[in-house]
Amino acid sequence: MKLKLLILFFTLSNNIQAQFLKNDICGYSGINAVNRQKDFYRFYKSFSKSKNIKYNIPVKFKIIRTDNGKSKITPAYLKELIKYLNYYYLKNNTGIQFSLHPDYSYIDKSKLLQLRYYTSSPLQSMKFKKDACINVIITSKLIKKKPFGIKRNEYAGTFNPVSRSIIIAGKIPTSTLSHEIGHYLGLKHPHRGWKHKWFQEPVSRTRKTFLGNKLMCEKKGDGLCDTPAEPDLTKYTDKKCRYTGWNVKDKYGEVYKPNTNNIMSYTNNRECRNKFTEQQTALMHYTLSKNKYAKLWRTDIPENKDYIPDDFEPDNHKETANEIFFDTPQTHSFHHTTSLKHKKDIPDKKDWIFFNLKTKKQQTVKLIFSNKNKFNPNIKISISKDSKLLAEKILFKNNLTTDRIIIPNAKPGKYYIKAEHIIDTKQETFYKITLTK
């Protein structure tokens with residue numbers, strides 16, 4: 001009986017004001033409720049967008065696989081998800097970036113490969129929730145059955161407001177994870193309530209509420225005035241991102257004039273979505289300012305500087321190795337995922353790099369390593385080709401700031417470099433690597 005009540009609670013919480021639509025199924029009402037709306041707009045007046053990163057948020061993935069551990073979701077795919085996530089948030093100068101939590105893990109249960117939206121989905125998101133990160137479960141299918149089992153719909157993603165976790169299904173459109181994390185950061189759908197006259201946001205940005213003391217665009221829809229009112233764009237956009245609902249009007253008789261590129265919209269082609277507005281960005285920062293882990297994610301706090309990943313992360317797996325080119329130095333680091341004060345601090349101790357030798361002749365290849373910090377970080381370098389170990393060395397002994405590894409008579413092919421931080425110094429260790437002939 002308790003389990004049934006628990007499931008009912010999750011279900012009702014996850015479906016308040018929800019709109020169950022193809023591909024994205026979010027069911028989230030957002031942070032800017034009536035009692036917080038005034039605080040947000042006061043915050044927005046002093047907010048300014050910046051190209052500088054203000055937050056780095058780790059994303060922890062939990063991957064559901066078959067009973068015998070098989071899955072199409074690889075570390076390389078997780079890296080791809082983080083890459084697109086950062087692309088959309090950095091493209092819009094949100095000041096927010098994301099990193100792959102190194103402690104991603106697996107659930108080997110075939111019966112969970114098809115998660116039910118109303119039952120198993122919220123339960124699993126509560127069961128595997130971890131602190132100080134955004135939790136994302138990846139399954140094969142996320143389904144919602146119609147009454148009497150006549151039909152079921154499949155969806156790409158959902159955000160559960162109770163567990164504050166995200167569930168995505170297999171290979172998703174590149175903007176879907178950005179959309180769901182937008183919900184985590186307080187954003188609503190611009191079309192919220194459009195089918196119901198009482199909740200519908202008007203097209204006019206100057207129309208006021210019944211008492212005349214508030215703009216309706218601040219109260220209806222997504223509560224933001226710089227996102228135009230819109231219907232559900234699933235039905236009113238084509239595959240080329242063009243709006244097709246020119247005869248669709250709001251309850252006041254005004255024709256909708258939406259944007260078709262907002263990340264929080266439901267465009268027919270989800271790849272149309274690539275834009276956050278200024279107020280959406282401000283609302284995400286407002287939400288983060290209320291998050292109890294915000295101080296762990298701030299990049300401008302001195303004690304957090306050792307927890308900001310370098311530009312090549314995630315690269316702690318052979319499948320996520322970054323390519324290095326000749327005479328083009330790269331600076332890498334080993335970092336932690338949360339502040340030292342957090343009891344579940346997890347260090348990132350491995351970097352993987354590769355280079356391709358394409359010339360037919362054998363040649364000598366040099367890898368030059370430099371360490372500006374002038375302390376002994378004990379970095380172990382292993383170089384292999386075709387799974388055969390070619391060289392291995394511990395760098396920067398005796399306080400050296402420059403070290404090198406030479407590969408004589410190197411043959412054409414792909415070479416992998418693994419860098420391991422064998423002693424945890426409790427601080428970020430930078431090293432620069434240069435590949436020369």
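Quick caveat: nothing in here was measured; it's all calculated off a predicted structure. (Residues numbered from 1 in each chain as written. Predicted model: local features only at pLDDT ≥ 70, side-chain atom pairs only at ≥ 80, totals over all residues. Heavy atoms only, no water.)

1. A look at the pattern of salt bridges
Piece 1. In total, this model carries 13 salt bridges according to the counting rule given.
Piece 2. Close ionic contact of Arg 65 with Asp 108 constitutes a salt bridge, the shortest N to O distance being 2.8 Å. One end of the pair, Arg 65, is in strand E2 (residues 55–65); the other, Asp 108, is in strand E4 (residues 105–108), and 43 residues separate them in sequence.
Piece 3. Given a relative accessible area of 18%, Arg 65 falls into the buried group.
Piece 4. Linking Asp 386 and Lys 385 is a salt bridge whose minimum nitrogen-to-oxygen distance equals 3.1 Å.
Piece 5. Overall, the relative accessible area of 63% leaves Asp 386 in the exposed class. (Salt bridge = Lys/Arg side-chain N within 4 Å of Asp/Glu carboxyl O. Helix = DSSP H or I, 4+ residues; strand = E, 2+ residues; numbered from the N terminus. Buried < 20%, exposed > 50% of the residue type's maximum accessible area, 1.4 Å probe, protein only.)

2. With respect to the pairing of strand E17 (residues 413–421)
Piece 1. Along E17, seven of the nine residues are buried, which leaves the element largely enclosed by surrounding structure.
Piece 2. In this structure, strand E12 (residues 350–357) lies alongside E17, joined through eight bridges in antiparallel fashion. Directly across from Phe 354, in E17, lies its bridge partner Tyr 416.
Piece 3. Alignment of strand E14 (residues 379–385) against E17, held across seven bridges, turns out to be antiparallel. (Pairing = 2+ DSSP bridges.)

3. A few points about the state of the cysteines
Piece 1. Scanning the model with the defined rule gives two disulfides in all.
Piece 2. Between the sulfur of Cys 217 and that of Cys 225 lies a disulfide, 2.0 Å long from S to S. Given an S-S torsion of about 85°, the disulfide between Cys 217 and Cys 225 has right-handed geometry. By the burial criterion, Cys 217 is buried, and Cys 225 matches it.
Piece 3. Each sulfur in the disulfide pair Cys 241 and Cys 272 lies 2.1 Å from the other. Residues Cys 241 and Cys 272 are joined by a disulfide whose S-S torsion is about -90°; by sign, that bridge is left-handed. Residue Cys 241 is located in the loop between helix H5 (176–184) and helix H6 (278–290), and its partner Cys 272 is located in the loop between H5 and H6; the two are separated by 31 residues in the primary sequence.
Piece 4. If you count the bonded cysteines of the protein from the N-terminus, they pair up as 1-2, 3-4. (Disulfide = S-S within 2.5 Å.)

4. Some details on the confidence of the model for the protein
Piece 1. Residue-level pLDDT values for the protein average 85, and 85% of them are 70 or greater.
Piece 2. The lowest-confidence element of the protein is strand E1 (residues 23–24), averaging 41 in pLDDT; the highest-confidence one is H5, averaging 97.
Piece 3. Note that residues 27–35 has pLDDT below 50 and, in this model, 29 contacts with residues that lie over four places away or in other chains. (pLDDT = per-residue confidence, 0-100. Contact = heavy atoms within 4.5 Å.)

5. A word on the environment of Ile 379
Piece 1. Within the fold, Ile 379 resides in strand E14.
Piece 2. For Ile 379, a relative accessible area of 0% puts it in the buried group.
Piece 3. When the C-alpha positions of Ile 379 and Phe 334 are compared, they lie 10.0 Å apart, and in sequence the two are 45 residues distant.
Piece 4. Ignoring sequence-local partners within four residues, the contact set of Ile 379 consists of Phe 334, Lys 393, Ile 394, Leu 395, Phe 396, Ala 419, Glu 420, Thr 429 and Tyr 431.

6. Some remarks on H5
Piece 1. For H5, a buried count of nine out of nine residues is recorded, marking the element as mostly surrounded by other parts of the structure.
Piece 2. Where H5 is concerned, the buried positions are Thr 176, Leu 177, Ser 178, His 179, Glu 180, Ile 181, Gly 182, His 183 and Tyr 184.
Piece 3. Immediately downstream of H5, the backbone of Gly 186 shows phi near 100°, a positive value.

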